[in-house]
Amino acid sequence: MLHLVLFTIFGAICVAGAVNLLVQRHPINSALSLIAVMASLAVEYLLLGAEFVAAVQVIIYAGAIMVLFVFVIMLLNAGEEERTKGSRVATWFGIPAVLVGGVLVAWTLIQHSGTSDAALGALPGAPKTIGWLLFHDFLLPFEVTSLLILIAIMGAVVLAGRPESGAQQPRSEG
Amino acid sequence: MIPLSYYLVLSGILFACGVIGFLIKRNIITIFMSIELMLNGVNLSFVAFAAQWHALSGQVFVFFVMVVAAAEAAVGLAIIIAVYRTRETLNVDQVNLLKL
């Protein structure tokens, strides 16, 4: 019962944050609602017993990645975006189609589903277990991701770094 | 006990919101955040299936998805900064030329 209550509350926060991300016009508001989505997703992970994933969700996603986003929004001084006019086909045809499709998929999923999940307090995804898996069964992928991170760091430095003096200056009139 | 389908429906809603944001948003940073929202929706279904089948490798895959998302965010935001430096706009409608 407590499971369902927690799932409902934080699922509602998730959906509200996702919808708010679409509705808001200023990027900083969208970023803050995305942080709310990620933090409440961490609670959903805890409900599923994924302790390690919940912690990493808060530390990496809601912490590191979103700080990077907010930093870039502040750096570029991003203002409000102008709204584009949606086409009439999207309004009259697309939205009902999306609703019908979504309800159909949800109904089908709810018809065929098991009900096994972790008991409250049981944490099968503890950091110790995940770490053991990560360094035994998934050792090669783990090392490859470290290479990926290294390449990403170098790419970010090259792309966002200041162009050397003498190279072509960014055009201001274009 | 919560059925698996509830988690899948929630993850589908998050993914759909991400797709809609990707399509209707005009600010390049918000489009990028929509992509992160899609990744989060997929992560939730990964964890839900891992709990359903008692297979912890699903959670390890979520870890890998997060690592790739972090790398993607670093490179993507660097690209956004580079685009802003040359175009001085964040509106994707105005970034329509390959050559300056």
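For clarity, every value in this text was computed on a predicted model and none was experimentally measured.

(A) Representation of the confidence of the model for chain A in the model. Summary statistics for chain A give a mean pLDDT of 84 and a share of 86% for residues scoring 70 or more. Mean pLDDT across the secondary structure elements of chain A bottoms out at helix α4 (residues 88-111) of chain A, with 83, and peaks at helix α2 (residues 27-47) of chain A, with 93.

(B) Summary view of the interface of chain A and chain B. Counting residues at the interface gives 74 residues for chain A, matched by 66 residues for chain B. Summed over both sides, the interface of chain A with chain B buries roughly 6,300 Å², with 77% coming from carbon and sulfur. Inspection of the chain A/chain B interface yields 6 residue pairs in polar contact (both at pLDDT 80 or more). Contributing elements (two or more residues each) for the side of chain A that touches chain B: α1 (2-23), α2, α3 (51-76), α4, α5 (127-136) and α6 (139-160) of chain A. No other element matches the 13 residues that α3 of chain A contributes to the side of chain A that touches chain B. Grouping the constituent residues of the side of chain A that touches chain B by class yields 52 nonpolar, 16 polar and 6 charged.

(C) Just α4 of chain A, in detail. With 24 residues, α4 of chain A should reach 34 Å at 1.5 Å per residue; the first-to-last C-alpha distance of 34 Å fits that figure. A maximum bend of about 35° is found in α4 of chain A at Gly94 of chain A, where proline Pro96 of chain A lies one to four positions downstream.

(D) Molecular detail of the side chain of Asn91 of chain B. For Asn91 of chain B, the position within the fold is in the segment after α3 (57-87). Once residues within four sequence positions are removed from consideration, Asn91 of chain B is found in contact with Glu82 of chain A together with Arg26 of chain B.

(E) Examining the domain arrangement of chain A more closely. Per the domain assignment, the segments of chain A are domain 1 (1-78) and domain 2 (126-159). When each unit is reduced to the centre of its C-alpha atoms, the spacing between domain 1 of chain A and domain 2 of chain A is 23 Å.

(F) Inspection of the packing of aromatic side chains at higher detail. Taken as a whole and assessed by the stated rule, the structure comprises 11 aromatic pairs over all chains. Here the aromatic rings of Phe52 of chain A and Phe63 of chain B are separated by 5.8 Å at their centres, their planes lie at 45°, and the arrangement is tilted. Taken together, the residues Phe52 of chain A in helix α3 and Phe63 of chain B in helix α3 connect one chain to another. Looking at Phe52 of chain A, the relative accessible area reads 18%, which means it is buried. Ring geometry for Phe142 of chain A versus Phe63 of chain B: centroids 6.3 Å apart, planes at 20°, classification stacked.

(G) The environment of Leu47 of chain A, seen in detail. In this fold, Leu47 of chain A is placed in helix α2. When the C-alpha atoms of Leu47 of chain A and Leu76 of chain A are compared, they prove to be 38 Å apart, with 29 residues separating the residues in sequence.

(H) Quick look at the packing of α5 of chain A against α3 of chain B. Where α5 of chain A meets α3 of chain B, the closest approach of the two axes is 10 Å, and the angle between their N-to-C directions is 75°. Judged by the angle between their axes, α5 of chain A and α3 of chain B are roughly perpendicular. Within the contact between the two elements, α5 of chain A uses Ile130, Leu133 and Leu134 of chain A and α3 of chain B uses Ser57, Gln59, Val60, Phe63 and Phe64 of chain B. Split by residue class, the contact of α5 of chain A with α3 of chain B holds 6 nonpolar, 2 polar and no charged.

The rules we used
Residues numbered from 1 in each chain as written. Chains lettered and ligands numbered in written order. Predicted model: local features only at pLDDT ≥ 70, side-chain atom pairs only at ≥ 80, totals over all residues. Heavy atoms only, no water. pLDDT = per-residue confidence, 0-100. Helix = DSSP H or I, 4+ residues; strand = E, 2+ residues; numbered from the N terminus. Contact = heavy atoms within 4.5 Å. Buried area = accessible area lost by both parts, 1.4 Å probe. Polar contact = N/O pair within 3.5 Å; in protein donor to acceptor, adjacent residues only side chain to side chain. Nonpolar A, V, L, I, M, F, W, Y, C, P; charged D, E, K, R; others polar. Expected span 1.5 Å × (residues − 1). Bend = angle between axes of the 7 residues up to and from the residue. Domains from an automatic or database assignment. Phe/Tyr/Trp six-rings, centres within 6.5 Å; stacked < 30°, edge-to-face > 60°. Buried < 20%, exposed > 50% of the residue type's maximum accessible area, 1.4 Å probe, protein only. Axes fitted to C-alpha atoms, helices over the stretch in contact; angles between N-to-C directions. Parallel < 35°, antiparallel > 145°, perpendicular 65-115°, else oblique.

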